[in-house]
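An overview of the molecular structure
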Amino acid sequence: MGVVLQNLFFPKKQAIIFATKGVIAMVMALTIAMSLNLERPYWALVSAIFLQLRPQSGLVIEKAICQIIGTIVGGLFGILLLTQLILYPYLALGALALWLGVNSALSAMVRQANFVYAFAMAGVTAAIIVLLVMVTPAMVSSQSIFDIAQARVSEIIIGSVCAGLVSHLFWPVKVKHLLQVQARSVINQTLHYLVIELDSKGSHENRHQQIDGIMATLGSINEDSSAVRYEGPKGPGRSRAANQLSQKVLSLLALIQIIGRLQRNHEDLITPTLDKLITQLKRVFAQIKESDDFDYCAEQVKTLRKELTDYRANTVCDSPFESHMLNVSLEVAADLTILLRAYRALEERDKTLLNAPSMLTYRDPLAGIIVGFRTALVFSIGAFIWINTGSSAALLIMILPVIFSIMLARIPLAILQVVIKRLLVGVVVAAIVTIFYALNLLSQSGGQLEILLLVLAGPYFLGLLLLADQQTLPYGLGFCIPFTILVRPSTDMSLAFSIDYTLSSAMAIFAGVSILFWIFQLFTGPSVQLLVHRVFKATYKDLLEINNHPTPSIWYNRRMADRLIRLTNYDQGSHSRVITDLALTALNLGHASVRLNSICENLAGNTKLKYLNEWQRTLADAFMLATKGKFNNKFKQASDNLYEELAQTVDDSNQLEAIKGMFIRINLTFERSASKIN
């Protein structure tokens, strides 16, 4: 509560600007909706409020587009449902519950919050239209159905457009600036991690703390990079530059694991040459990490890359490991070069980086089914209460909790409990402010629009101050939305002025959010162990087919990014962090496989290697065994077979030694990973 009071009485400048923009957007939305004589203009306010959750222009525009598309789709489905099932109300409610469940399940298959919101609007808009028609069955006709649908869609679109215009015209905040801050942060985090990973005295906890931070920042970059494309002609280029930056961070994480784990677990394999190499890498990474000068950093990496290239060309390695590690170091320097260029491309267009695709969301149908079931169940409980009580206020149980059910589905249960409790506090405060302040003044105002706007501006401003801070956002959301629905600002406020209806509505909202809380408690979804196993199973399948794609490294990184974020989140309560280690191993194995196939293609040319596909299958099998704590010699045998075939086919001792070093290192990785599970 100390943070709440601080945000209300000592707000930051950014929070004041945010709240001011929000009030302007809501004033515009309500004024336009009322001037068009729409029956329930307060839904335009609700629409405008939801668009304030992320104030950056690109994000607001993207959410407005998603909201409009979702609203239109939901409106069309609502009309279709009513025309087919209006004579069968129970079937209509069942079909509506199924529609909400499907949209909720689909929302679990996307990562960006704006796309989640599109599915939420598709479901809830249909629910609003169908329920409002079913409240007055005696007045139902084709014309009335169309009028209600048109009004609801119009109200929500008006709110979206007003919020988008205000975000663009008044004190605009750009996603590109946010991305640049995130990019600097993730580069610094990555460089710090590179130094820690190469420090033989570094702690296990410190390494994983850095990994957690990197994954969290990458998640934010991936979520925001789609919205920056709406910010001018350079927007799409910045989006792809952000994608390229994410790609190279993942590649660096995959590569540096090789050196760090070798140094920590197999000191006997560290030759003087490798020790000198690791010291050089650590020195350069530390220098770059401490500098804020981009040109200096780029020059240091360029020098490192040239020195490594010259050393590799002029040195005969004493062991397979040395050859392999020199190749790995060269790849680290190359990826770091592109990483810095990608950061610069966020400010200046770099056409050579404009082909980097975005990360893919890991889609688990089982998790989607659970999310869809919860939403359908919340709606069904509300429908049961409405049917048995006949109270129109009970309709609110079928609307607001459904929206929250979809939008909060990705939050971990421990955090979700806190969020819903804060939502409930906001609902209680909204009811008190509505009854003792807003409606009390508005009942004496004579129905003038100016008075209505002045009375509402104060509570909304305070609510938006809370929305501006991530910590107090649930309080603000729990206040602003119920406050709007309880006051029901419109030309006809007779229902709102009826104290029994207002109290019933407040109790219905509170009951609906409470029901949602217990639904989340009772149906927590699949266990972490099952979810982790399914992620590893999907990774196993990717390892089998990784080299069937034209750009395998990019394809694999795109698919692994979201999995890494999920696995590190699942694993944060663990002391051993073995799941995170296995996830990083999986990332590394994909890159090692791509490198090996590229080398084999260059060495063997058109000669088809008989044992290459067998090696790939054995690699995937060995990884899956390691996730279960098992290890066998099949991978070593497959590696020996492929090495002998290559030795008979080609005559390049340096590359063959590097490949042999890779095989030895991967086999040691499997053995170590399996032992950690046990």
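Let us look at the structure shown here. Since the structure is predicted, the reported quantities are computational estimates derived from the model, not experimental observations. Here, residues in each chain are numbered from 1, in the same order as that chain's written sequence. Predicted model: local features are reported for residues with pLDDT of at least 70 only, side-chain atom pairs are reported and counted for 80 or more only, and whole-chain, interface and lining totals are derived from all residues. Hydrogens and waters are ignored; side-chain quantities use all the structure's heavy atoms.

1. Observations regarding the pattern of salt bridges
Within this document, salt bridges are pairs made up of a side-chain nitrogen of Lys or Arg and a carboxyl oxygen of Asp or Glu, the two lying within 4 Å of each other. The tally for this structure, following the rule as stated, stands at 14 salt bridges. Between Lys 306 and Asp 310 there is a salt bridge, with the nearest N and O atoms lying 3.2 Å from each other. Taken together, the residues span about one helical turn, with Lys 306 and Asp 310 both in helix 12 (residues 294-314) at a distance of four residues. Relative accessibility decides the category of a residue: with a 1.4 Å probe and only protein chains considered, values under 20% of the type maximum give buried, values over 50% give exposed, and everything between is partly exposed. The exposure class of Lys 306 is exposed, given its relative accessible area of 55%. Overall, the relative accessible area of 36% leaves Asp 310 in the partly exposed class. Ionic pairing is found between Arg 595 and Glu 331, a salt bridge with its closest N-O pair at 3.1 Å. Under the scheme used here, helices are H or I runs from DSSP no shorter than 4 residues and strands are E runs no shorter than 2 residues, and both carry numbers assigned from the N terminus.

2. Section: the nonpolar core
We call a set of buried residues a nonpolar core when its members are Ala, Val, Leu, Ile, Met, Phe, Trp, Tyr or Cys and they connect through side-chain atoms within 4.5 Å of each other. If you look at the biggest cluster of nonpolar residues, it comprises 114 residues, and the most contacted ones within it are Phe 379, Ile 420, Tyr 460 and Leu 467. Top element by residues in this core is helix 6 (residues 113-135). It accounts for 15 residues. If we ignore the near neighbours within four places in the chain, the residues touching Leu 467 are Phe 18, Ile 49, Leu 53, Leu 473, Gly 476, Leu 477 and Cys 480. Listed in part, the 105 residues of the second largest apolar core include Ile 211, Ile 221, Val 284 and Leu 587. Pairs of residues are marked as contacts when any of their non-hydrogen atoms sit within 4.5 Å.

3. Structural notes on the environment of Val 181
Relative to the helices and strands, Val 181 resides in helix 8 (residues 175-198). Its relative accessible area of 45% is what places Val 181 among the partly exposed residues. Measuring from C-alpha to C-alpha, the distance between Val 181 and Ala 108 comes to 28 Å, with 73 residues separating the pair along the chain.

4. A look at the packing of helix 21 (residues 528-545) against helix 24 (residues 612-627)
Axis definition: a line fitted to C-alpha atoms, over the contacting stretch in the case of helices. Angles run 0 to 180 degrees between N-to-C directions. Contact geometry for helix 21 and helix 24: axes closest at 8 Å, N-to-C directions at 170°. Comparing the axis directions of helix 21 and helix 24 gives the class roughly antiparallel. In this structure, the crossing between helix 21 and helix 24 has a hand that is right-handed. On helix 24, the residues touching His 533, Phe 536, Lys 537, Thr 539, Tyr 540, Leu 543 and Leu 544 of helix 21 are Gln 616, Arg 617, Ala 620, Asp 621, Phe 623, Met 624 and Thr 627. Among the residues making up the contact of helix 21 with helix 24, the classes are represented as seven nonpolar, four polar and three charged. Working rule for angles: under 35 degrees goes down as roughly parallel, over 145 as roughly antiparallel, 65 to 115 as roughly perpendicular, anything else as oblique. Each crossing gets its hand from how the near helix is turned against the far one by less than a right angle, where anticlockwise is left-handed and clockwise is right-handed. Residues are grouped as follows: Ala, Val, Leu, Ile, Met, Phe, Trp, Tyr, Cys and Pro are nonpolar; Asp, Glu, Lys and Arg are charged; every other residue, Gly included, is polar.

By themselves these figures say nothing about function.
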